[in-house]
Amino acid sequence: MNSEAKKQHVAVLGLGYVGCVSAACLASLGNRVTGIDRDSDKVRNVMNGVAPFFEPGLEELVRENVSARRLTASTSIAAIADADIALICVGTPSEKNGNLGLDQMKRVISEIADTLPGRSKPLTVAIRSTVFPGTCEDVVAPLFGGNPLVSVVSNPEFLREGTAVKDFMEPSLVVVGGTDAAAVARVASLYESLQVPPCLVGVRTAEMIKYACNAFHAVKIAFANEIGALSSRLSVDPGEVMATLCEDKKLNVSPAYLKPGFAFGGSCLPKDLRALNYRGNRLDLRLPLLESALPSNHHHLQRAIDAVLDLPARRLGVLGLAFKENTDDLRESPVVTLLEQLIGKGKDVRIFDPHIQMESIYGSNRNFLLQQIPHIGRLLDSSIDQTLQWADHLVIAQKLSPELTAKVKERNLPVTDLVGSSLAYIKSPVAVAAS
Ligand SMILES: NC(=O)c1ccc[n+]([C@@H]2O[C@H](COP(=O)([O-])OP(=O)(O)OC[C@H]3O[C@@H](n4cnc5c(N)ncnc54)[C@H](O)[C@@H]3O)[C@@H](O)[C@H]2O)c1
């Protein structure tokens, strides 16, 4: 840790699971830490060097740091007076309707705001509690009434109860989001000695990442349990199936398939999901997560179709027809559904796909094109130049090669990029992929 980080005085607001662990760990990293909680029992415990709840390794850390005078605690918000950073760790429990409860957050922020008159030192308020995107900007910052001494940043926590101290000291992820570079750097420096480079992102992104991570963890567990349940019913060892699945670090346990983009299709994923769900049904096994994948995909496709239908364009050039790039396979291509709805609504469309040319495709694909979707086949251009010359708006429905990307860029038409990444540099009027 550098000397600047050591000098920080951190006030930790809320000495619950997150706050107490953060306070003890930050103190053990050399910071001066004051824990503040309305609960006098928690404060008394900490002052006596006792952890207010069970968490492996916490009691020792609290004891060591209280006796080394790096950690102290108080029930009074006035203890924030000398702090450089206020780390907000109050609870954000669910309301009855599932919405996030911000009562504790609003109250603690108002209490901090009340201490500001007479303050001359800047204060970085880092929101460690889990809050919905927009909370820092729309709820927290306004409560400070634009006071120039205060900067608000998002610094979500990813620790798990039961391994919280270890998770703090060996974090899986450090995220800091904000617009004030100095405040972001001040908060990031708290974690400098932990050897995990912080991800510095926008404040709303930081808030959203926490939800994305927890949703991902929940979906992973539900997935493993559903595959496990189905495996058991089919007399297959669930542990062996999932352990073997995890051996694939290229497609399974990897960033593959984790980019927001267009709907999936093709000859395998829809077919195999249908077969799994059919089997589950026959076995009277409810598999809600696996059953939801195709409807989810359908909704995603429909959002894209609605966005394209809403475009003010007269002549739509669709780039890509196969279900993904570098194939001419049209089976269950979401682009076919897209085109059918566009044509059905009377839109003027032309299509270019580098691997689907009437003169060169043959076999089942040619038959499919000529017999099942002849109305689409008739709209195919044989070169991208034809499509680019004719269209007044482009819809990117598959990742393009660098050569095609260059041509699209050169033509400089308005673009709606359904696949999300290949043309990220072109302004898209509709953020379909991320919607
Ligand atoms: N528990 C976890 O594993 C975990 C992990 C990551 C993130 N989070 C998030 O961190 C936040 C805190 O979670 P937690 O489990 O530590 O909550 P908690 O309920 O254990 O602790 C919250 C603490 O805040 C105190 N508090 C409330 N209002 C206060 C005020 N005005 N002034 C001072 N203290 C006040 C409460 O007395 C309590 O001790 C939540 O948003 C949660 O979603 C929790």
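Up top is the structure these notes are about.
Residues numbered from 1 in each chain as written. Predicted model: local features only at pLDDT ≥ 70, side-chain atom pairs only at ≥ 80, totals over all residues. Heavy atoms only, no water.

Visitor: So what exactly am I meant to see when it comes to the overall build of the protein here?
Guide: For the protein, the helix and strand inventory stands at 17 helices and 12 strands. C-alpha extents for the protein along the principal axes are approximately 80 × 55 × 40 Å. Every one of the 435 residues in the protein was classed for burial, and the buried ones make up 44%. Contacts in the protein between residues at least 24 apart in sequence constitute 69% of all its contacts with a sequence separation of at least 6. Element-wise, carbon and sulfur atoms account for 54% of the exposed surface of the protein, whose accessible area totals about 21900 Å². Where the 45 positive side-chain charges of the protein centre and where its 47 negative ones centre are 1 Å apart. (Helix = DSSP H or I, 4+ residues; strand = E, 2+ residues; numbered from the N terminus. Buried < 20%, exposed > 50% of the residue type's maximum accessible area, 1.4 Å probe, protein only. Contact = heavy atoms within 4.5 Å. Areas by Shrake-Rupley, 256 points an atom, 1.4 Å probe, with all protein chains shown as cover. Lys, Arg positive; Asp, Glu negative; His and termini not counted. Charge placed at Lys NZ, Arg CZ, Asp CG, Glu CD.)

Visitor: Just checking my understanding: could you explain the site of the ligand for this structure?
Guide: The environment of the ligand is made up of 21 residues, and the closest members are Val18, Asp37, Lys42, Thr92 and Glu161. Within the side chain of arginine 38, a nitrogen or oxygen atom sits 3.4 Å from a nitrogen atom of the ligand. Contacts to the ligand include glutamate 161, whose side-chain N or O atom sits 2.8 Å from a nitrogen atom. Taking a 2 Å distance to the grid points as the criterion, the majority of the atoms of the ligand fall inside the second largest pocket. Mapped onto the shell around the ligand, the elements with two or more residues apiece are helix H2 (17-28) and helix H5 (103-114). (Near = heavy atom within 4 Å. Polar contact = N/O pair within 3.5 Å; in protein donor to acceptor, adjacent residues only side chain to side chain. 1 Å grid on protein atoms, 1.4 Å probe; cavity = no way out; pocket = protein on both sides within 12 Å on 5 of 7 lines; lining within 4 Å. Sits in = over half its atoms within 2 Å of the grid points.)

Visitor: Explanation requested: the sheet that holds strand S11 (residues 393-396) in the structure shown.
Guide: Strand pairing in a sheet is mediated by backbone hydrogen bonds. Such pairs are either parallel or antiparallel. What the four strands build is an open sheet, ordered S10-S9-S11-S12; its pairing is parallel. Of all the strands in the sheet, just strand S10 (348-352) and strand S12 (415-417) have a single pairing partner and so form its edges. Here the average twist between neighbouring strands, direction ignored, is 20 degrees. As paired elements, strand S9 (residues 315-319) and S11 share four bridges and run parallel to each other. When the bridges of S11 are listed, leucine 319 appears paired with isoleucine 396. (Pairing = 2+ DSSP bridges. Axes fitted to C-alpha atoms, helices over the stretch in contact; angles between N-to-C directions.)

Visitor: Before we go on, may I ask you to explain the packing of aromatic side chains in this structure?
Guide: Two aromatic rings are characterised by how far apart their centres lie and by the angle between their planes. In the structure shown here, the tally under the stated rule is three aromatic pairs. Note on phenylalanine 132 and tyrosine 211: the rings are 5.2 Å apart at their centroids and 70 degrees apart in plane angle, and the pair reads as edge-to-face. Linking phenylalanine 132 in the loop between strand S5 (123-127) and helix H6 (135-143) with tyrosine 211 in helix H9 (residues 203-233), this pair joins segments that are 79 residues apart in sequence. With relative accessibility at 47%, the residue phenylalanine 132 sits in the partly exposed group. The exposure class assigned to tyrosine 211 is partly exposed, which follows from its relative accessible area of 24%. (Phe/Tyr/Trp six-rings, centres within 6.5 Å; stacked < 30°, edge-to-face > 60°.)

Visitor: Just to check I follow, could you spell out the packing of H9 against helix H10 (residues 238-247) for this structure?
Guide: Helix-helix packing is described using two parameters, namely the angle between the two axes and the distance between the axes. Where H9 meets H10, the closest approach of the two axes is 8 Å, and the angle between their N-to-C directions is 135 degrees. On the basis of the axis angle, H9 is oblique to H10. Considering the relative orientation of H9 and H10, their crossing is right-handed. Contacts from Phe223, Ala224, Ile227, Gly228, Ser231 and Ser232 in H9 reach Pro238, Val241, Met242 and Leu245 in H10. (Parallel < 35°, antiparallel > 145°, perpendicular 65-115°, else oblique. Left-handed = near helix turned anticlockwise from the far one by under 90°.)

Visitor: When you look at empty space enclosed by the protein in this model, what are you seeing that I'm missing?
Guide: The probe, sized like a water molecule, is rolled over the atoms to show the empty space still left. Enumeration according to the criterion identifies one cavity of 30 Å³ or more in this entry. Reported here for the largest cavity is a volume of approximately 120 Å³. If you go around the largest cavity, you meet 15 residues; those closest to its centre are Arg128, Glu157, Phe158, Pro171 and Leu173. Taken together, the residues of the lining of the largest cavity sort by class into 10 nonpolar, two polar and three charged. (Points joined across faces, edges and corners; volume = space filled by probe spheres on them. Nonpolar A, V, L, I, M, F, W, Y, C, P; charged D, E, K, R; others polar.)

Visitor: Is there a simple way to think about the pattern of salt bridges in this case?
Guide: Between side chains of opposite charge, pairing is possible as soon as their charged atoms come close. Under the counting rule described, the total for this entry stands at 16 salt bridges. Between aspartate 41 and arginine 44 there is a salt bridge, and its shortest N-O distance comes to 3.1 Å. One end of the pair, aspartate 41, and the other, arginine 44, are both in helix H3 (residues 40-47), three residues apart, so they sit about a helical turn from each other. You can call arginine 44 partly exposed: its relative accessible area is 47%. (Salt bridge = Lys/Arg side-chain N within 4 Å of Asp/Glu carboxyl O.)

Visitor: How do you make sense of the nonpolar core when you look at a structure like this?
Guide: Grouped burial of nonpolar side chains is what soluble globular proteins tend to show. Counting residues in hydrophobic clusters, the biggest one holds 44 residues, and the most contacted among them are Phe262, Val318, Leu321 and Ile351. With residues near it in sequence (within four places) discarded, isoleucine 351 still touches Val318, Gly320, Leu321, Leu339, Ile376, Leu379, Leu380, Asp381 and Thr387. Formed by 40 residues, the second largest nonpolar core is a distinct cluster that contains Ala23, Val43, Phe53 and Leu194. (Core = buried A, V, L, I, M, F, W, Y, C linked by side-chain atoms within 4.5 Å.)

Visitor: Looking at this model, I keep getting lost on helix H17 (residues 402-411). Mind explaining?
Guide: Think of an α-helix as 3.6 residues a turn; residues three or four steps apart then line up on the same face. Every buried residue belonging to H17 is among Leu404, Thr405 and Val408, and all of these are buried. Projected onto a plane normal to the axis of H17, the buried residues spread over an arc of 105 degrees and lie on a single side. Within H17, the exposed residues directed more than 90 degrees away from the buried face are Pro402, Glu403 and Glu410. On its buried side, H17 packs onto S9, S10, helix H16 (384-390), S11 and S12. Once H17 finishes, asparagine 412 follows within two positions and takes phi at roughly 60 degrees, a positive value. (Arc of directions from axis to C-beta.)

Visitor: When you look at the side chain of glutamate 55 in this model, what are you seeing that I'm missing?
Guide: Secondary-structure assignment places glutamate 55 in the loop between H3 and helix H4 (58-67). Buried charged residue glutamate 55 carries no salt bridge. Nearest counter-charge: arginine 160, at 8.9 Å. Separated by 3.2 Å, the side chain of glutamate 55 and the backbone nitrogen of threonine 163 make a polar contact. Among all residues touching glutamate 55, those that are not within four sequence positions of it are Tyr17, Val21, Arg160, Glu161, Gly162, Thr163, Ala164 and Val165.

Visitor: Looking at this structure, how should I read the pairing of strand S2 (residues 32-36)?
Guide: Looking down a regular strand, the side chains alternate between one sheet face and the other. The buried fraction of S2 is high, at four of five residues. The parallel pair strand S1 (residues 9-13) and S2 is bridged by H2, and the resulting crossover is right-handed. Alignment of S2 against strand S3 (residues 71-74), held across four bridges, turns out to be parallel. In the sheet register, threonine 34 faces S3, and the bridge partner there is threonine 72. (Right-handed = clockwise from strand over helix to strand, strands pointing away.)

Treat this as a map of the structure, not an account of what it does.
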